There are 2 protein chains.
Amino acid sequence: MPDKKDDVYGDHISNKFNDELMALKTRFLKMGGLVETQIDSAVKALVDGNGYLAEEIRAKDKLVDRMEMDVDEEAMLIIARRQPTARDLRLVISVIRMVADLERVGDEAKKIAKFAIKLSEEGQSPQGYVEVRHIGAHVMGMLHDSLDAFARLDSEQALRVMKEDKRVDEEYQGAARTLLTFMMEDARNISRCMSVMWVLRALERVGDHACNIAENVIFMVKGEDVRHTPMEEAERVVGR
Amino acid sequence: MPDKKDDVYGDHISNKFNDELMALKTRFLKMGGLVETQIDSAVKALVDGNGYLAEEIRAKDKLVDRMEMDVDEEAMLIIARRQPTARDLRLVISVIRMVADLERVGDEAKKIAKFAIKLSEEGQSPQGYVEVRHIGAHVMGMLHDSLDAFARLDSEQALRVMKEDKRVDEEYQGAARTLLTFMMEDARNISRCMSVMWVLRALERVGDHACNIAENVIFMVKGEDVRHTPMEEAERVVGR
C-alpha cells in the first residue's frame, strides 16, 4: 500500500490510518492505567499488610504482559501496513519503546507485591514505611504525569517529569541511609529492612521508567532525542 | 516497496537495502561488544579493587549512550526510507528493542563500577566476591551467547540463553542469602555487604537483559513473540 485504489479513496484511507493510530494510543493508555493501579495497589498492600491484595497484583501482571504483546503487535502491523513516516513513525516507535517501560513498571509492582506478602507474613514492621509511602506517591505522580503528557502530546509536562527524577533519586538515597541505620542498630531488623530496601529500589525504578516515557513524548513532539542529554539541552529542545 | 520501478532495478535496490540492514546489525553488535567489555571490566574492577578501571568504565558509558542513540536513529531511517515488512521489519524493530537492553546493561556496568570505587576506598572486603565472580561469569556468558545468537540468527542458541535465566535467578537468591548471613553475624559487615548485594542485583539484571535479547532473536527468526510464554511454548516455537 498505497496502490492506485488507495489514491482514489485517499481521504478515507488517511482517516482509517488516523483511527489506527488513535486506537494504538488508546490501547497504550489503557495499559498505562492498569499499570498505575498495579503500583498504587502494591504500595497499599505493603503498607496495610494486605496479602490478599498482593496476590491479586501478581495475578493481574499476566494481563499487563498480554497487553504489552498486543500493543507491540498492533504497532508493528501499523508500520507494515501504513508505512508511516515523520511524526507518525515517531509515535509508533515511541509506543514500542514505552510499552516496554510500562511492562517493567508492572514487574516492579509484582516485585513489591512479593515483598508485601513476605512482610505481612513476618508481622508488622513499620520501619521505612513512611519512606515507601512518600517515594511511592512521588513516582506514581511522575508516572501519571508522563502518561498524561503522552495523551496530550505535551512536551512541557514531559520535561517537568524528567526534572522530578533527580529529586526521587535523592529521596531514595536518603531513605536507603535511614534503613541502613536501622539495620546497624539491631541485627534483628536486617531481613525486614532489606525487603523494604528492595521495595524502595523498585519504586525508584518506576521513576526512571516514567522519565523514559517523558523522553519519548519529547521525541514524538519535537523530533529530537533528549535521552542522555543535559537538562539544559532538553529545555532548549522543548522551549523551541 | 516494491513498486514497478523497484522491480526493474530490483536487485540493485534490494542490495542497497541489504547493505543498510547489515550495517545496522554490525553497528548493534559493535555496541554489544563494548557493553560486554564494560561488564567484564566492572567485575574485574570490583574484585581487584581497581578504582582506576572503575573510573574508566564510568567515562565509557557516555559512548554506550551515544551508540544507543545512533543505532536507534539508523533503524528509524531504514523504516522511513525502506518501509520494510515481514522479517526485515522484525529485524529493525528487534534492534530498536534490544538496543535499549544493551544500554541498560551499560548502566548496570556503571553501577557496579560505582560500588567498585566505594568498596576499594573502604578497603578489601572479600565477602561475597566469590559469588560476584561466579554470577558475573554466568551472565557474561549469557550476554555473549545472546549476541552471538543474534549475529547468526540462531534461535536454538537463543532458547538456551532463555533457559539459563532461571539458574542465574537461583544463584542470585543463594548469594543474597549468604550475604544476609554475613550481615547478621556482624553489624560492621552491613554497609559493605549491601554494596555487594547491589552488585549481585545488577548482574542478575544483566542476565534478564540477555534473556530479552534472546527472546527478540526468536521473534526475528520465527516471527513469534515468546515473551511471557512458558518455556515449553518457546521450545515448540523454536523446534518448528
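Residues numbered from 1 in each chain as written. Chains lettered and ligands numbered in written order. Predicted model: local features only at pLDDT ≥ 70, side-chain atom pairs only at ≥ 80, totals over all residues. Heavy atoms only, no water.

Cut-off, in case you're wondering: UniProt positions are given in the numbering used here, feature names are shortened, and annotations may be inferred rather than shown by experiment.
With an unreviewed UniProt entry as reference, chain A is termed Phosphate-specific transport system accessory protein PhoU, source organism Marinobacter antarcticus. Regarding chain A, the UniProt comment filed under Function (unreviewed entry) reads as follows: "Plays a role in the regulation of phosphate uptake." The Sequence similarities (unreviewed entry) field of the UniProt record for chain A holds the comment "Belongs to the PhoU family."

### So, the interface of chain B and chain A
For clarity, the threshold we go by: We call two residues in contact when some of their heavy atoms are within 4.5 Å. Two parts placed together each lose some accessible area under a 1.4 Å probe, and the buried area is that loss summed for both. Salt bridges, as used here, are contacts in which a Lys or Arg side-chain nitrogen is within 4 Å of a carboxyl oxygen on Asp or Glu. Polar contacts, as counted here, are pairs of nitrogen or oxygen atoms within 3.5 Å of one another; within protein the pair requires one atom able to donate a hydrogen and one able to accept it, and residues that are adjacent in sequence qualify only if both atoms are side-chain atoms. Going along the chain from the N terminus, every DSSP run of H or I of four or more residues is numbered as a helix, and every run of E of two or more is numbered as a strand. Three categories are distinguished: nonpolar for Ala, Val, Leu, Ile, Met, Phe, Trp, Tyr, Cys and Pro, charged for Asp, Glu, Lys and Arg, and polar for the others, with Gly belonging to the last.
The interface of chain B with chain A comprises 35 residues on the first partner and 35 residues on the second. Roughly 3400 Å² of surface becomes buried between chain B and chain A when both sides are summed, with 66% attributable to carbon and sulfur atoms. Linking chain B to chain A there are eight salt bridges. Asp72 of chain A serves as the salt-bridge partner of Arg97 of chain B, at 3.0 Å between the closest nitrogen and oxygen. In this assembly, chain B and chain A are joined by 12 residue pairs in polar contact (both at pLDDT 80 or more). Put simply, the parts of the chain that give the side of chain B that touches chain A at least two residues each are α3 (51–82), α4 (86–121), α6 (155–185) and α7 (190–222) of chain B. When its residues are assigned to classes, the side of chain B that touches chain A shows 17 nonpolar, six polar and 12 charged.

### Some words on the pattern of salt bridges
Side-chain pairs of opposite charge can arise where the charged atoms are in close proximity. Cut-off, in case you're wondering: Exposed residues in this analysis have more than 50% of their type's maximum accessible area, buried residues have under 20%, and partly exposed residues fall in between, with area computed by a 1.4 Å probe over protein chains only.
Tallying each qualifying case throughout the model produces 48 salt bridges over all chains. With a closest N to O distance of 3.3 Å, Arg201 of chain A and Glu204 of chain A form a salt bridge. Separated by three residues within a single helix, Arg201 of chain A and Glu204 of chain A lie in helix α7 (residues 190–222), roughly one turn from each other. Given the relative accessible area of 7%, Glu204 of chain A is considered buried. Among the ionic pairs, Asp225 of chain B bridges to Arg227 of chain B, the shortest N-O distance being 2.8 Å.

### Here's the deal with the packing of helix α4 (residues 86–121) of chain A against α3 of chain B
Formally: Where helices are involved, their axes are fitted lines through C-alpha atoms of the stretch in contact, as for all axes, and angles between N-to-C directions lie from 0 to 180°. The labels follow the angle: roughly parallel below 35 degrees, roughly antiparallel above 145, roughly perpendicular from 65 to 115, and oblique for the rest. By definition, turning the near helix anticlockwise from the far helix through less than a right angle yields a left-handed crossing, and turning it clockwise yields a right-handed one.
Between α4 of chain A and α3 of chain B, whose axes approach to 11 Å, the crossing angle comes to 130°. In terms of orientation, α4 of chain A lies oblique with respect to α3 of chain B. The way α4 of chain A lies across α3 of chain B gives a crossing that is right-handed. Counting all contacts with α4 of chain A, which are made through Leu89, Arg90, Ile93 and Arg97 of chain A, the residues of α3 of chain B involved are Asp72, Met76, Ile79 and Ala80 of chain B.

### Looking at helix α3 (residues 51–82) of chain A
Residues and elements named next belong to chain A. Operational definition: Take the number of residues in a helix, subtract one, and multiply by 1.5 Å to get its expected span. We define the bend at each residue as the angle formed by axes fitted to the 7 residues ending at it and the 7 residues starting at it.
Along its 32 residues, α3 runs 46 Å from first to last C-alpha, staying within 8% of the 46 Å computed at 1.5 Å per residue. Largest kink in α3: about 25°, centred on Ala59. Trailing α3 by a residue or two, Gln83 shows a phi angle of about 45°, which is positive.

### With respect to the side chain of His138 of chain B
For His138 of chain B, the position within the fold is in helix α5 (residues 129–151). Excluding its chain neighbours within four sequence positions, the residues that come into contact with His138 of chain B are Glu164, Arg167, Val168 and Glu171 of chain B.

### A word on the relation of the copies chain B and chain A
As a reminder of what qualifies: Each copy is superposed on the other by least squares, with the fit set by C-alpha atoms of residues at a pLDDT of at least 70 in both.
The two copies are related by a screw operation: chain B maps onto chain A through 180° of rotation and 0.0 Å of translation along the axis, at an RMSD of 0.0 Å. Such a combination of rotation and displacement between the chain copies is what one expects of a two-fold axis. Taking C-alpha positions as the reference, the residue of chain B nearest the rotation axis is Gln83 of chain B, at 2.9 Å.

### What about the UniProt feature "domain: PhoU" (unreviewed entry) in chain A?
All names here are of chain A. The sites that carry the UniProt feature "domain: PhoU" (unreviewed entry) are, in the present numbering, residues 29–115 and 133–217. The annotated region residues 29–115 carries 93% helix and 0% strand content, and the separation between its end C-alpha atoms amounts to 27 Å. Counted over residues 133–217, helix gives 92% and strand 0%. Its end C-alpha atoms are 27 Å apart.

### Digging into the environment of Ser146 of chain A
Residue and element names in this part refer to chain A. Its location among the elements puts Ser146 in helix α5 (residues 129–151). Along the primary structure Ser146 and Ile79 are separated by 67 residues, whereas in three dimensions their C-alpha atoms are 24 Å apart. Residues contacting Ser146, with those up to four places away along its chain left out, are Val161, Ala210, Ile213, Ala214 and Val217.

### Notes on the packing of helix α6 (residues 155–185) of chain A against helix α8 (residues 231–239) of chain A
Residues and elements named next belong to chain A. Viewed as axis vectors pointing N to C, α6 and α8 meet at an angle of 170°, and their least axial separation amounts to 10 Å. With respect to each other, α6 and α8 are oriented roughly antiparallel. Across the interface between the two elements, Ser155, Glu156, Leu159, Met162 and Lys163 from α6 touch Met231, Ala234, Glu235 and Val238 from α8. Residues that form the contact of α6 with α8 fall into these classes: five nonpolar, one polar and three charged.

### Remarks on the packing of aromatic side chains
Between two aromatic rings, the relevant description is the distance of the centres plus the angle of the planes. This is how it is decided: Here the aromatic set is Phe, Tyr and Trp, taking the six-membered ring for Trp, and pairing holds for ring centres within 6.5 Å; pairs whose planes are under 30 degrees apart are stacked, those over 60 apart are edge-to-face, and all others are tilted. Should the NZ of a Lys or the CZ of an Arg lie within 6 Å of a ring centre and within 35 degrees of the ring normal, that charge is described as sitting over the ring.
The full count for this structure, using the stated rule, is three aromatic pairs over all chains. Seen in terms of ring centroids, Trp198 of chain A and Trp198 of chain B are 4.9 Å apart; in terms of plane orientation they differ by 80°. Their pairing is edge-to-face. Taken as a pair, Trp198 of chain A in helix α7 and Trp198 of chain B in helix α7 lie in two separate chains rather than in one. For the cation-ring pair, Arg97 of chain B lies above Phe219 of chain B, with the distance from its terminal atom to the ring centre recorded as 5.0 Å.

### So, the confidence of the model for chain A
Keep this limit in mind: The predictor's confidence in any single residue is recorded as pLDDT, a number from 0 to 100.
Taken residue by residue, chain A gives an average pLDDT of 93. The fraction at 70 or more is 94%. Counting contacts from residues 1–10 of chain A, a segment whose pLDDT is below 50, to residues more than four positions away or on other chains yields six contacts.

### Looking at unusual backbone geometry
All names here are of chain A. You will see that Ala86, though not glycine, has its phi angle at about 45°, which is positive. As for its placement among the helices and strands, Ala86 is situated in helix α4. Positive phi, close to 45°, is recorded for Leu153, a residue that is not glycine. Mapped onto the elements of the fold, Leu153 is located in the loop between α5 and α6. Residue Leu153 is classed as partly exposed on the basis of its relative accessible area of 30%.

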